[in-house]
Amino acid sequence: MQEASTAPRPTTLPPSNRPAADPHPPRLALIGNPNSGKTSLFNQLTGLNQKVGNFPGVTVDRKTGMAQLGGQRRAEIIDLPGTYSLYPKSLDEQVIADLLYNPDAADYPDFVVVTVDASNLRRSLLLFSQLADLGLPAILALNMTDLAAERGIQIDLPALERELGVPVVPMNARKGVGIAALRIVMAERLAAPPALRFWEPEGDLLPLVRQIRYYFNLHNDYLALHYAHQFRGLRFLSDDDRAYLQELTEKYSFDSTARQAEETIGRYARINELLLEVVTVTRTEQREPASNKIDKVLTHRVFGYLIFLSILFLLFQAIFAWAQYPMDLIDQGVASFNELLQRNFSGPLVRLLTEGVIAGLGGVLIFIPQIALLFAFLAVLEETGYMARVTFLMDKLMRPFGLSGKSVVPLISGLACAVPAIMGARTIESWKDRMLTIFVTPLMSCSARIPVYTVLVALVVPDESWLGIFNMRGLVLMGMYLLGLVSALVSAFALKKILKARERSYFIMEFPVYRWPRWKNVGLTIVEKVKAFIFQAGKVIVAISVLLWVLASYGPGQRQAQAEAQVQQQAAAQRWPAAETERQIASARLETSYAGTFGHVIEPVIRPLGFDWKVGIALLTSFAAREVFVGTMSTIYSVGQDADLGTVQQKLANEKDSHGQPFFTPVRALSLLVFYVFAMQCMSTLAVTYRETKSWRWPLGQLVYMTGLAYAASLLVWQVFS
Amino acid sequence: MALKLLEMGCIPGTQVRLAGRAPLGDPLMLVLGDEEYTLSLRVSEATTIQLKA
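All figures in this text were calculated on a predicted structure; none of them were measured in a lab.

**Some remarks on the overall build of chain A**
Now for step 1: For chain A, the helix and strand inventory stands at 31 helices and 12 strands.
Now for step 2: Taking contacts inside chain A between residues at least 6 apart in sequence as the whole, the part at least 24 apart equals 73%.

**A closer look at the overall build of chain B**
Now for step 1: The helix and strand inventory of chain B stands at two helices and three strands.
Now for step 2: Listing every helix and strand of chain B by position from the N terminus yields α-β-β-β-α.
Now for step 3: Whereas a compact globule of 53 residues would reach a radius of gyration of roughly 10 Å, chain B reaches 11 Å, a difference of no more than 12%.
Now for step 4: With the C-alpha coordinates aligned to their principal axes, the bounding extent of chain B is approximately 30 × 20 × 20 Å.
Now for step 5: Residue burial in chain B is summarised as follows: out of 53 residues, 34% are buried.
Now for step 6: A separation of at least 24 residues holds for 18% of the contacts in chain B among residues at least 6 apart in sequence.

**Topic: the domain arrangement of chain A**
Residue and element names in this part refer to chain A.
Now for step 1: You can read the domains of chain A as domain 1 (27–187), domain 2 (203–281), domain 3 (303–322 + 367–495 + 502–519) and domain 4 (541–554 + 593–721).
Now for step 2: For domain 3 and domain 4, the distance between their C-alpha centroids amounts to 25 Å.
Now for step 3: In this assembly, 27 residues from domain 3 lie in contact with 29 residues from domain 4.
Now for step 4: If you list the elements that add at least two residues to the side of domain 3 that touches domain 4, you get α18 (418–424), α19 (431–440), α20 (449–460) and α21 (472–498).
Now for step 5: When residues in the side of domain 3 that touches domain 4 are grouped by element, the largest group, 10 residues, is from α20.
Now for step 6: Of the residues in the side of domain 3 that touches domain 4, the class split is 22 nonpolar, four polar and one charged.

**Considering the sheet that holds strand β6 (residues 138–143) of chain A**
Residues and elements named next belong to chain A.
Now for step 1: In space, the seven strands of this open sheet follow the order β2-β3-β4-β1-β5-β6-β8, with mixed pairing throughout. Both outer strands of the open sheet, β2 (50–54) and β8 (168–170), are each paired with one neighbouring strand and no more. Across the sheet, the mean angle separating the axes of adjacent strands is 25° when strand polarity is ignored.
Now for step 2: Taken together, the three bridges between β6 and β8 define a ladder with parallel strand orientation. The residue bridging Leu142 from the neighbouring strand is Pro170, located in β8.
Now for step 3: Along the sheet face, helix α3 (residues 121–133) touches β1 (27–32), β5 (111–117) and β6 and points at about 165° away from the line of β5.

**Considering the environment of A:Val281**
Residue and element names in this part refer to chain A.
Now for step 1: On the secondary structure map, Val281 appears in strand β9 (residues 279–281).
Now for step 2: Using a count of 13 C-beta atoms within 10 Å as the deciding quantity, one classes Val281 as partly exposed.
Now for step 3: Expressed as a C-alpha distance, the spacing of Val281 and Ile155, which sit 126 residues apart in the sequence, is 8.6 Å.

**Regarding the interface of chain B and chain A**
Now for step 1: In this complex, chain B contributes 26 residues to the contact, which on the side of chain A involves 30 residues.
Now for step 2: Those elements giving two or more residues to the side of chain B that touches chain A turn out to be α1 (2–7) and β3 (37–41) of chain B.
Now for step 3: Per element, the largest residue contribution to the side of chain B that touches chain A is six residues, and it comes from α1(B).
Now for step 4: Here the residues of the side of chain B that touches chain A sort into 15 nonpolar, four polar and seven charged.

**Comments concerning unusual backbone geometry**
Residue and element names in this part refer to chain A.
Now for step 1: Of note in the backbone geometry, Asn35 takes a positive phi value of approximately 65° without being a glycine.
Now for step 2: Note that Asn35 resides in the loop between β1 and α1 (38–46).
Now for step 3: We classify Asn35 as buried; it has 22 C-beta atoms within 10 Å.

**Details of the sheet that holds strand β12 (residues 509–511) of chain A**
In a beta sheet, neighbouring strands are held together by backbone hydrogen bonds and run either parallel or antiparallel to one another.
Now for step 1: Sheet architecture is open: four strands sit in the order β12(A)-β3(B)-β2(B)-β1(B), paired in antiparallel fashion. For this open sheet the edge positions go to β12 of chain A together with β1 (16–21) of chain B, each flanked by a neighbour on one side alone. When the angles between neighbouring strand axes are averaged without regard to direction, this sheet yields 35°.
Now for step 2: Alignment of β12(A) against β3(B), held across three bridges, turns out to be antiparallel. By the bridge assignment, A:Phe511 is partnered in β3(B) with B:Thr38.

**Some details on the nonpolar core**
Now for step 1: Membership of the largest hydrophobic core comes to 190 residues, with the highest contact counts inside it found for A:Val112, A:Val114, A:Ala138, A:Ile139, A:Leu140 and A:Ala141.
Now for step 2: In this view, A:Ala141 contacts A:Leu41, A:Val113, A:Val114, A:Thr115, A:Val116, A:Val169, A:Met171 and A:Leu182; residues no more than four positions away in its chain are not counted.

**Some details on the packing of α3(A) against helix α10 (residues 256–278) of chain A**
All names here are of chain A.
Now for step 1: Packing of α3 against α10 leaves a shortest axis separation of 10 Å and a crossing angle of 120°. In terms of orientation, α3 and α10 fall into the oblique class. Our pair here, α3 against α10, has a crossing hand that is right-handed. Note on element contacts: α10 touches α3 through Arg267, Tyr268, Ile271, Asn272 and Leu275, opposite Leu121, Arg122, Leu125, Leu126 and Ser129.

**Digging into the environment of A:Pro326**
All names here are of chain A.
Now for step 1: Structurally, Pro326 can be placed in helix α13 (residues 324–344).
Now for step 2: Its 15 C-beta neighbours within 10 Å are what place Pro326 among the partly exposed residues.
Now for step 3: Sequence separation between Pro326 and Pro369 is 43 residues, and the spatial gap between their C-alpha atoms is 6.4 Å.

**Observations concerning the confidence of the model for chain A**
Caution is warranted with low-pLDDT regions, since their predicted coordinates should not be read in detail.
Now for step 1: Scored by pLDDT, chain A has a mean of 80; 90% of the residues are at 70 or more.
Now for step 2: Here residues 1–22 of chain A is a poorly scored stretch, pLDDT under 50, and it has 34 contacts once near neighbours within four places are set aside; other chains count.

**Some details on the environment of A:Arg434**
Residue and element names in this part refer to chain A.
Now for step 1: Residue position: Arg434 is located in helix α19.
Now for step 2: Judged by local crowding, Arg434 falls into the buried class, with 25 C-beta atoms found within 10 Å.
Now for step 3: In this structure the C-alpha to C-alpha distance between Arg434 and Ala494, which are 60 residues apart in sequence, comes to 15 Å.

**What about the pairing of β1(B)?**
Moving residue by residue along a regular strand, the side chains alternate between the two faces of the sheet.
Residues and elements named next belong to chain B.
Now for step 1: Here five bridges tie β1 to strand β2 (residues 28–32), and the two strands are oriented antiparallel to one another. Each bridged residue has a counterpart across the sheet, and for Arg17 the counterpart in β2 is Val31.
Now for step 2: As consecutive antiparallel partners, β1 and β2 are separated by six residues, and within that stretch Gly25 has a phi angle of approximately 95°, a positive value.

Cut-off values and rules
Residues numbered from 1 in each chain as written. Chains lettered and ligands numbered in written order. Predicted model: local features only at pLDDT ≥ 70, side-chain atom pairs only at ≥ 80, totals over all residues. Helix = DSSP H or I, 4+ residues; strand = E, 2+ residues; numbered from the N terminus. Contact = placed C-beta atoms within 7 Å. Rg over C-alpha atoms; globule rule 2.2 N^0.38 Å. Buried ≥ 20, exposed ≤ 12 C-beta atoms within 10 Å, placed from the backbone. Domains from an automatic or database assignment. Nonpolar A, V, L, I, M, F, W, Y, C, P; charged D, E, K, R; others polar. Pairing = 2+ DSSP bridges. Axes fitted to C-alpha atoms, helices over the stretch in contact; angles between N-to-C directions. Core = buried A, V, L, I, M, F, W, Y, C linked by C-beta atoms within 7 Å. Parallel < 35°, antiparallel > 145°, perpendicular 65-115°, else oblique. Left-handed = near helix turned anticlockwise from the far one by under 90°. pLDDT = per-residue confidence, 0-100.

Okay, structure coming up:
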C-alpha cells in the first residue's frame, strides 16, 4: 500500500491488511462512464499487453493489462465495466461493487483512474464524487477535451484540481494526447485520496452507519452506507454478515430507494456549485451540432431503416462472401500440410494426427476470417456511435419476442455462421436478452446448411418455375430460411416466458456523439476476440472432432477387416478399376465402424422420420460441421470424396429401397430437409455457446431443444405426408 | 427506474427537450440540460418523468 509521496494535503488512507512491501507492481483500476473513452485509454496504456479472463462466478469479462509508466516502471491495470454510479443496475456494475468495497479482494486497486467526459462534466462527476467519498486515491483523466472545446466549454484546470482534490490530466485518448502526462502522474504516485467530501449522509443515518463501521472494521462512513444499501448483492459477505445487516437495516427502517434518490440529488447539487466556479461556457453561435443532423437521416422513419438494411446486407456479404477467400486459403493450407505429413510418414498415429487432430484444428482456424470480419464490423459500428441508433430503431420490433434492439446484428450474422454471431451477442447488456439471443441464433439457417439444402432440394423439387417467374427450387430454399427465422422468433417468445430475469432490464441509454472510429481499438478488439475463440471454444471443437474421427474410422472387432476382405473379393471377381475398389472399401469401412454401428442402433428411432441407418451415420458425422453431411453421404454411397454435387445427387436418386422404389422420395427428402433446418448439428456452435455463457446448461439446452424440435418436425412431415 | 434516471442526469429542475421519436413511436430521444446530451429511453420508462412548464 503506497503513500502519496508529494501530496501537499492531509490524507486519510484506508488501513490495509496487505503487507507493507508489496512484491507486485502497483495495481490500478480504470473506471468511468460508458462512452467516456475508457476503452481508448485502456488500449493506449496497454497496447497488446491485454488479457481477458473472468470474474469468478459471473459471466463478466475481466480485462487486465500491463501498462508502461514513466521511467521503466509498470503497473497492472484492470478495466472495470462502464457505469454511471456505484449503485449497480446490472451484473456488470455489480462486479465493481464487489471489487471496490472489499479491501481484501485480490483485485483491490492501489488507486483508480477515473475517465471523465469533459463535454459532459456534470454527469460524469457523479461517479467521481462517490469514489472520492469512499476515500479511494484517484487521478482524474479529463478526456475528450476536443469535444468540449468545440462546444465552447472552458474548464479552469487548476481550479478543478483544487476543488476536487486530485490530480487532473486533460487528454484526448483517441488521439493519444495527454497519455504521456498521465503515465508520469501515475508513476510519481500522485494519486491522492481526495480530502474533500462531496456529500454526507443525513444525520439520522449516522447511528446505522457507525454500527456497521464498527462491526466490519471499516475506515469510512460512506462505505458503511453502501454496505447497508447493497449487502444482498455483495458476494464477499458471508451469510451471517448479511443476516446482521438485514436485521440492522430493518431496525432503523432504512429505505434504500429514497436514500439513494436523496443522495443523487444532493451530489448533483454540490457538483453544480463546483462547476459554476470552474467551467465557463461560451456559445459561439446557435449552430446545430453535426451529430444531430446526421441523426435526422439515420433515424428517419424510412431512410433510417433502409440504411440499416443496407449495412446489414454489407455485413452479411462480408461474412458470407469476402471471408471465403481466406477461408479457402486456410483449408488448402491445412490440406497441403496434411498431405506433406502423410507422404513422409505412415502408420495409424499419423492418421490420427492428420485426419483427426490437424483436421480438427483446421476446423477451428477456418472460423477466424468470419469472426475477424464480424467483429471488425461490430467494433466500427460501436466506435462510431451508430450501434446506439441501431438499438433505437429496432427495439420496438424486437421487444415482443423478448429480444433487444441489439439482437438484430447477431441474428442476421447467424445467417452466415452462428459462431461469430453468438460471440457478437456480447454487446447486449441485459443478461436475459443476451441469453435469449444466444439460444435462438442457431435456428437462423447458417451457410453450412446450404450444401445440405441444395442437394436435397435439387433431389426432389423439379427445376421449373411457378407462375412463370419464381423458380420452384429457389422458393423452397427461401421457405427453409423463413422457417428458421420464424422458429427463432417463436422460440424466443416462448423462452421469454420461462426465463426469470435476473435483473431489471433498462433500456435507457445515452446517444454518444458520432465520431470517426479509432482503428487501433478496432484492431485490438479483433485480436482479442479471435484469441478468445481459439483458446477457449477451440479446445472443445478439436476434442470432439478427434472423437468423431475415431468413431468413423475404427470399428468393433474384426468387422472392418472382414468387410474390406469381402470387398476385395468382389473387386477381383467383377474386375473393378482401382478407384472404384477404393471407394467401395471406404464405404464398407464406414458401415462397419463405430459410427456405422451407431447408425444401425439408432435406426429404429429415426425410422418414424423416414430415415435409415445410412442417414443415421451422416447425422452423427455432420455433428462436426453440417456440410460434412454431403461428404459422408457420398462415402456411404461410394461416390468418392471429390465428387461434385451432381454426382451425389444422381447416386442418391438411384438409391432404391427394399421394394425397388426410389428411396429418396420428395417426402423423405423434405423430412430430412426440415430436420436440418432445426437440428443443432454443429459442435462449434455448442462450444461457443459454452464459452459465452460459461456453463454447460445452455449448450445442452440448445442441443436438447433443437434436436427435439427437429425430431418433431421431421416426424410430422413423414407421418403426415407419406 | 427513477433512480437510474436521476443518475443519468434527470435531476429535478433540469431542462428536457423531446428531440425525436423512433419511427415506430418508441423509444424517445430526449435532450437534457445545458450540456445537451441525448438520452434514449422507452415510453414506459419516460412516463415516470413529471414535467413542469
